[in-house]
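# Descriptive structure summary
So the chains spell out like this:
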Amino acid sequence: MHPQESILLAGTYTDTGSQGIYSFSFNKDEGSARMLHTFQTPHPSFLITAPEFRKVYAVNEANGEEARLTMLDICPDTGILHVAGSVPSLGDGPCHVSRHGLAIGISNYGAGNMSIYRCDSQGMPTCAIATFKGHTGGPCLERQSQPHVHSTLFGQDGKYLYATDFSNDCILVTEILPGCILPIPDIAARLSPGTGPRHMSLSPDGQYLYVIGEINGEVSVFHCLSDGQLKHLQTICDDHDNGYGSAHIVCSQDGKFLYTSHRVNRNGISLWERSSGNGTIRHLEFFPTGIHPRHFCISPDGKFLLVACRDSNSIDIYHRNASTGKLTVTGQHIDIPSPVCVQFYQF
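Presented here is a report on the structure given in the accompanying data block. These figures come from a predicted structure and were not determined experimentally.

### Here we look at the overall build of the protein chain
The number of helices and strands found in the protein chain is 1 helix and 28 strands. Its C-alpha atoms give the protein chain principal-axis dimensions of roughly 45 × 45 × 35 Å. Buried residues in the protein chain amount to 60% of all 347 residues. Residue pairs at least 24 apart in sequence account for 48% of intrachain contacts in the protein chain once pairs closer than 6 positions are excluded. For the protein chain, the exposed surface amounts to about 13,300 Å²; the carbon and sulfur share of it is 49%. On the protein chain, the mean spot of the 23 positive side-chain charges and the mean spot of the 32 negative ones are 4 Å from each other.

Structure, rendered in structure tokens:
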């Protein structure tokens, strides 16, 4: 791998001709990509990386025995992936995975629970230490009549694990203890009725938590307290078109900006400016993208933002201005079937 290249990974839905996980060489100067390798696995809808173990973790968004977390070894020189093993996700429809050190959190949307694994010194999950169920209670009966846990996120020091309790409009928190018994999750924060909290992002200093509501399109801002609780600071609506499909949220590496994605009635990325003093945000611009921008990421150097547009069968690549946060079209894109997650492998 040349110094100006990074490894880029994409997870897909595999019911439309996709092979599974794709690896690419991404040119950090031009914003272009060339395919390196494909790995066949069913519905790898969310990926995370563990460079210290040279591993990639992928949830297989399926039901029954096929609902699994798959571990892959990756060669940082070639981008070639090899299966290292897999474990049950302990629930149907796993749609998200997060990690801190040797702890892994899996969100099973279909089963409405989250499961927590511990890993060995090689990054392989060996022991399922907890499974916690989500709740109902939200007013949107079409979407919230059954429990759904949509994502998890470890606090900066890994002491607490947060989870979006989608159907009860709240954020759950549990303490990650050294032993094999974890406390039943507490409600760290309640959100507006009908929010349907989906994904979360931490500020670089770990002091602020940002949550995107899939149903109502609201962004909620919280201060992370030392006991794992969340202090509400701000809630602001972003989806004024009632698309009921807001998806992902990312804080930039420098902490100056926040980005959110929206689907259905409008497809694009919203740009927010963060206050360095109290973590609150203000809306700056909306950038149209391809159809159904389910997930996106910022390149490690902050120069590009890549958007997985599921229904356009494309990963759109945008220049990112580090000073203003604004995006501009590069003309570069990656054509693959049903991309739903895009991540850089940093080593």
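There is more to say, and it comes next.
### A closer look at the sheet that holds strand β5 (residues 55-60)
Spatial strand order, β4-β5-β6-β7: 4 strands in an open sheet with antiparallel pairing. Lying at the two open borders of the sheet, with one neighbouring strand each, are β4 (44-50) and β7 (81-88). Looking at each pair of strands side by side, their axes are set apart by 25° on average, direction ignored. As paired elements, β5 and strand β6 (residues 68-74) share 6 bridges and run antiparallel to each other. Residue pairing for β6: V59 is matched across the bridge by L69.

### A word on the pattern of salt bridges
This structure, assessed with the given rule, holds 11 salt bridges. Across the pair R143 and E214 runs a salt bridge, and its minimum N-O distance is 2.8 Å. A residue pair is termed long-range when its members are at least 10 positions apart, and R143 in helix α1 (residues 141-144) and E214 in the loop between β17 (208-213) and β18 (218-224) qualify at 71 residues. One connected set of salt bridges, linked through shared partners, spans R143, R198, E214 and R263.

### Considering the environment of P183
Counting through the fold element by element, P183 comes out in the loop between β14 (170-175) and β15 (186-190). Each C-alpha atom of the pair P183 and F24 lies 41 Å from the other, and the pair is 159 residues apart in sequence. Residues contacting P183, with those up to four places away along its chain left out, are F132, T174, E175 and L177.

### Brief notes about the pairing of strand β26 (residues 314-320)
Of all the 7 residues making up β26, 6 are buried; the element is thus mostly covered by neighbouring parts of the structure. Relative to β26, strand β25 (residues 304-309) is paired through 6 bridges, and the arrangement is antiparallel. Considered in β26, the bridge of F304 is made with H319. Taking the residues that link successive antiparallel strands as the turn, the β25-β26 hairpin has 4 residues, and the phi of N313 there is positive, at about 55°.

### Some remarks on the nonpolar core
The biggest cluster of nonpolar side chains holds 27 residues, and the ones touching the most others in it are L9, Y57, L69, L81, V97 and I104. For this core, the secondary structure elements donating two or more residues are β1 (5-12), β4, β5, β6, β7, β9 (103-108), β10 (113-119) and β28 (339-345). For I104, the residues in contact, after removing those within four places along its chain, are Y57, L69, V97, S98, R99, S115, I116, Y117, C119, P125 and F154.

### What about unusual backbone geometry?
Residue R54 is not a glycine yet carries a positive backbone phi of 50°. Not every positive phi belongs to a glycine, and V264 is a case in point at roughly 80°. Of note, V264 is situated in the loop between β21 (257-262) and β22 (268-274).

### Overview of the side chain of T41
For T41, the location among the structural elements is in the loop between β3 (33-40) and β4. Of the polar contacts made by the side chain of T41, one reaches the side chain of N60; its length is 2.9 Å. Beyond its immediate chain neighbours, meaning those up to four positions away, T41 contacts T14, Q19, G20, I21, N60 and T70.

### Focus: the packing of aromatic side chains
All told, the structure shown has 4 aromatic pairs when counted by the stated rule. Measuring from centroid to centroid gives 6.4 Å for Y22 and F24, while their planes differ by 10°, and the two rings are stacked. Using a relative accessible area of 2% as the deciding quantity, one classes F24 as buried. Between F26 and F304 the ring centres are 5.5 Å apart and the planes differ by 80°, which places this aromatic pair in the edge-to-face class. Of the two residues, F26 sits in strand β2 (residues 20-27) while F304 sits in strand β25, which places them 278 residues apart along the sequence. Taken together, the aromatic side chains of F26, F304 and F344 make up a single cluster linked through ring pairs.

### Describing the pairing of β4
Counting buried residues in β4 gives 7 out of 7 residues, a clear majority hidden from the surface. Pairing of β4 with β5 involves 6 bridges; the strand directions are antiparallel. When the bridges of β5 are listed, T49 appears paired with V56. Remark: 4 residues form the turn of the hairpin made by β4 and β5, two consecutive strands paired antiparallel; R54 in that turn has positive phi of roughly 50°.

What counts as what
- Residue numbers run consecutively from 1 along every chain, following the written order of its sequence.
- Where totals are concerned, whole chains, interfaces and linings use all residues; where local detail is concerned, this predicted model gives features only for residues with pLDDT of at least 70, and gives and counts side-chain atom pairs only at 80 or more.
- Excluding hydrogens and water, the side-chain figures rest on all heavy atoms present in the structure.
- Only DSSP runs of H or I covering at least 4 residues are called helices, and only runs of E covering at least 2 are called strands; the numbering of each starts at the N terminus.
- The cut-offs for exposure are 20% and 50% of the maximum accessible area for each residue type, with area from a 1.4 Å probe on protein chains only; residues under the lower value are buried, those over the upper are exposed, and the others partly exposed.
- In what follows, a contact means two residues having at least one pair of non-hydrogen atoms within 4.5 Å.
- In short, Shrake-Rupley with a 1.4 Å probe defines the accessible areas, and a residue's cover is counted only from the protein chains shown.
- We treat Lys and Arg as the positive residues and Asp and Glu as the negative residues; His and chain ends play no part in the count.
- In plain terms, the charge of a residue is placed at NZ if it is Lys, CZ if Arg, CG if Asp and CD if Glu.
- What makes two strands pair is DSSP finding at least two bridges between them.
- Structural elements are reduced to axes, namely lines fitted to C-alpha atoms, with helices fitted over the stretch in contact, and the angle between N-to-C directions of any two is expressed from 0 to 180 degrees.
- The term salt bridge refers to a side-chain nitrogen of Lys or Arg lying within 4 Å of a carboxyl oxygen of Asp or Glu.
- Here the nonpolar core consists of buried residues drawn from Ala, Val, Leu, Ile, Met, Phe, Trp, Tyr and Cys, with membership extended through side-chain atoms lying within 4.5 Å.
- Pairs of N or O atoms within 3.5 Å make up the polar contacts considered here, provided that, within protein, one atom can donate a hydrogen while the other can accept it, and that residues adjacent in sequence are counted only when both atoms are side-chain atoms.
- Note on ring pairs: Phe, Tyr and Trp rings are taken, using the six-membered ring of Trp, and paired if centres are within 6.5 Å. Classes follow the plane angle, with under 30 degrees stacked, over 60 edge-to-face and the rest tilted.

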